Amino acid sequence: MKCPPLDPELFVGNRGRLVGAMAQGSLAVVNSNDPQPSNADGILGFRQNSDLFYLTGVDQEETTLVLFPGAAREEMREVLFLRETNEHIALWEGEKLTKEQARQRTGIKTVYWSHQFWSVVRPLLMECESVYLNSNEHARAGEEVETLALRFIHEFKRRYPLHPLRRLAPLVYPLRAVKSPEERRVLQKASEITRDGFLRVLRCLRPGMMEYEIEAEMLHEYLRRGAEGFAYSPIVGSGKRACILHYLENNQVCQEGELVLMDAAACYGYYNADLTRTIPVSGRFSERQRAVYDAVLRVFREACQILRPGVVLREYQKEVEKVMASELVGLGLLTKEEVEQAPADKPAVKKFFMHGTSHLLGLDVHDVGPADIVVKKGMVFTVEPGIYLPEESLGVRLENNIVIEADGFTDLMADIPIEAEEIETLMHS
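Keep in mind that what you see is a predicted model, and the values were worked out from it rather than measured.

Q: What is the right way to read the pattern of salt bridges from this model?
A: Close approach of charged atoms allows side chains of opposite charge to pair. As enumerated under the stated definition, the model contains 36 salt bridges in all. Taking the shortest distance from any N to any O, the salt bridge between Asp-263 and Arg-397 comes out at 3.0 Å. Here the residue Asp-263 occupies a position in strand 11 (residues 259–263), and Arg-397 occupies one in strand 17 (residues 394–397), the gap between them amounting to 134 residues. The class of Arg-397 is buried, set by a relative accessible area of 4%. We note a salt bridge from Arg-288 to Glu-392, for which the minimum N-O separation is 2.9 Å. Pair noted here: Arg-288 is in helix 10 (residues 287–306) and Glu-392 is in the loop between strand 16 (386–389) and strand 17, with a separation of 104 residues, a long-range link. With relative accessibility at 30%, the residue Arg-288 sits in the partly exposed group. One continuous salt-bridge network, built from bridges that share partners, spans Asp-51, Arg-176, Lys-179, Asp-364 and Asp-367.

Q: How should the nonpolar core be read in this particular structure?
A: General note: in soluble globular proteins, nonpolar side chains tend to be found buried as a group. Membership of the largest hydrophobic core comes to 113 residues, with the highest contact counts inside it found for Leu-18, Ile-214, Val-260, Tyr-271, Ile-279, Leu-307 and Ile-387. Considering every element that reaches this core, the biggest residue donor is helix 10, with nine residues. Among residues more than four places away in sequence, those in contact with Leu-18 are Leu-55, Leu-67, Leu-168, Leu-171, Val-172 and Leu-175. By size, the runner-up hydrophobic cluster in this structure holds 21 residues, among which are Val-29, Met-76, Phe-117 and Ile-153.

Q: I tried to follow the sheet that holds strand 13 (residues 271–272) on my own but got confused; where do I start?
A: Adjacent strands of a sheet form backbone hydrogen bonds with each other and so pair up, either parallel or antiparallel. Read across the open sheet, the three strands follow the order 9-12-13; overall the sheet is antiparallel. Either end of the sheet is taken by a strand with one partner, and the two such strands are strand 9 (229–230) and strand 13. Note: strand 9 against strand 12 (residues 266–268), two bridges, orientation antiparallel. Residue Phe-230 lies in a different strand from strand 12, and its bridge partner there is Ala-266. Against the sheet, helix 8 (residues 181–204) makes contact with strand 12 and strand 13, and its axis sits at roughly 145 degrees relative to strand 12, the strand it touches most.

Q: How should the packing of helix 1 (residues 8–21) against helix 4 (residues 99–106) be read in this particular structure?
A: Angle between the axes and distance between the axes: these two values describe a pair of packed helices. Remark: helix 1 packs on helix 4, axes separated minimally by 6 Å, with the N-to-C direction vectors making an angle of 75 degrees. Taken as axis vectors, helix 1 and helix 4 run roughly perpendicular relative to one another. Between helix 1 and helix 4, the contacting residues are Pro-8, Phe-11, Val-12 and Arg-15 on the first element and Gln-104, Arg-105 and Thr-106 on the second. A class-by-class count of the residues in the contact of helix 1 with helix 4 yields three nonpolar, two polar and two charged.

Q: For this particular structure, what's the right way to read the packing of helix 10 against helix 13 (residues 420–427)?
A: Between helix 10 and helix 13, whose axes approach to 11 Å, the crossing angle comes to 125 degrees. When the axes of helix 10 and helix 13 are compared, the pair comes out oblique. Residues Arg-290, Tyr-293 and Asp-294 of helix 10 form the contact with helix 13, whose participating residues are Ala-420, Glu-421 and Ile-423. Of the residues contributing to the contact of helix 10 with helix 13, the split by class is three nonpolar, no polar and three charged.

Q: What is the right way to read the packing of aromatic side chains from this model?
A: Both the distance between ring centres and the angle between the ring planes are used here to describe each pair of aromatic rings. All chains considered together, the criterion is met by 13 aromatic pairs. By way of ring pairs, the aromatic residues Phe-81, Tyr-112, Phe-117, Trp-118, Phe-152, Phe-156 and Tyr-160 are connected into one cluster. Here the basic side chain of Arg-159 rests over the ring of Trp-118, its NZ or CZ set 4.2 Å away from the ring centre. Geometry around Tyr-268 places Lys-189 over its ring, the cationic atom sitting 5.9 Å from the centre.

Q: Would you take a moment to explain the environment of Asp-263 for this structure?
A: On the accessibility criterion, Asp-263 (7% relative accessible area) is buried. Look past the residues within four positions of Asp-263 in its chain and what remains in contact with it is Tyr-232, Pro-234, Ile-235, Asp-274, Leu-275, Thr-276, Arg-397 and Glu-399. Reaching out from Asp-263, the side chain makes a polar contact with the side chain of Tyr-232 at a distance of 2.6 Å. One polar contact links Asp-263 to Thr-276, side chain to side chain, over a distance of 3.2 Å.

Cut-off values and rules
- Residues numbered from 1 in each chain as written.
- Predicted model: local features only at pLDDT ≥ 70, side-chain atom pairs only at ≥ 80, totals over all residues.
- Heavy atoms only, no water.
- Salt bridge = Lys/Arg side-chain N within 4 Å of Asp/Glu carboxyl O.
- Helix = DSSP H or I, 4+ residues; strand = E, 2+ residues; numbered from the N terminus.
- Buried < 20%, exposed > 50% of the residue type's maximum accessible area, 1.4 Å probe, protein only.
- Core = buried A, V, L, I, M, F, W, Y, C linked by side-chain atoms within 4.5 Å.
- Contact = heavy atoms within 4.5 Å.
- Pairing = 2+ DSSP bridges.
- Axes fitted to C-alpha atoms, helices over the stretch in contact; angles between N-to-C directions.
- Parallel < 35°, antiparallel > 145°, perpendicular 65-115°, else oblique.
- Nonpolar A, V, L, I, M, F, W, Y, C, P; charged D, E, K, R; others polar.
- Phe/Tyr/Trp six-rings, centres within 6.5 Å; stacked < 30°, edge-to-face > 60°.
- Lys NZ or Arg CZ within 6 Å of the ring centre and 35° of its normal.
- Polar contact = N/O pair within 3.5 Å; in protein donor to acceptor, adjacent residues only side chain to side chain.

Below you can see the structure in the form of structure tokens.
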């Protein structure tokens, strides 16, 4: 990571909560991710498995955590395995964590090298009654490439075919969904860096600028402030391209009179912000652009009020779509009859607002949680309504990140300009 290591007490607490949820007599093994290859001898880089980082704070490959709260020997109840370094690795790749550095970063006292894994864990497996293993159970995940976690599952079954296996995801995902004060602090830092990147764009945007120049301005600010970089592949779409939900080329000219939609945010300490703003290339909204912009902003404001503890996320989406329907009628894009007569499974608003309003946010941009998740205090969500009019070469989306409180919410991006007048003023200052 580019930022300083996070407080080890965060990971101590996370492990404690997971252990409290584990079945009696069970053991958990949590594996890291692989570095991803590109071509020839190149790699795409390394991103740690989110569950492992949540429990250890280690962002190094070939790392494994073993938790066995019922171990007879107290020192074997938390065990960390690391890649052993040498002079060759240090010369070509850089220093890896020493055992003592790992203890300081994680709060785990017992540390071995990864090549010692099976010899160290074998006696523990003779004691335990079942084993939890991690895998990627995100609803949108596609795993065409076999991960280290999946390879380990196959190897474990081969070595210990009679040991009952359990899924770690149902235990750790609900824990990850509710953010601790330290996690909130890191997410707030990611939001602050994102704010500075957006303000940088407001100062420099002009007609004739390339979309990728905007991307470069944001990335410059993010890296300068100690972020890992973008939290996700940035979307910078001007004119009609703002209506392409996952537009990634970012290679066209921003023309005078167009709006440019920027869905780009910073990752800091492995925690992700997620911001979208839509601004006028020439610094002023046209009357039509302003009408659509203000409609989206009103939906955004109302959605933040609806998202409260106890709300089921699927039902929340339906309520937001009702608010959006009213705005679309006001803009002359739908009639009341079209709204009322549309089938329940195909609401009329989907023609202009086809995506969800909110998703969980944290170590993953689309953070883990069930589809019918019930909103709880401490969860962090995006709120991101939009209206897309490709026939008018006009698309508007606005997005902030909010923390759910017992009686309201905290907007982590409250200091990032969102009102049309403020954006225009800053662009002309």
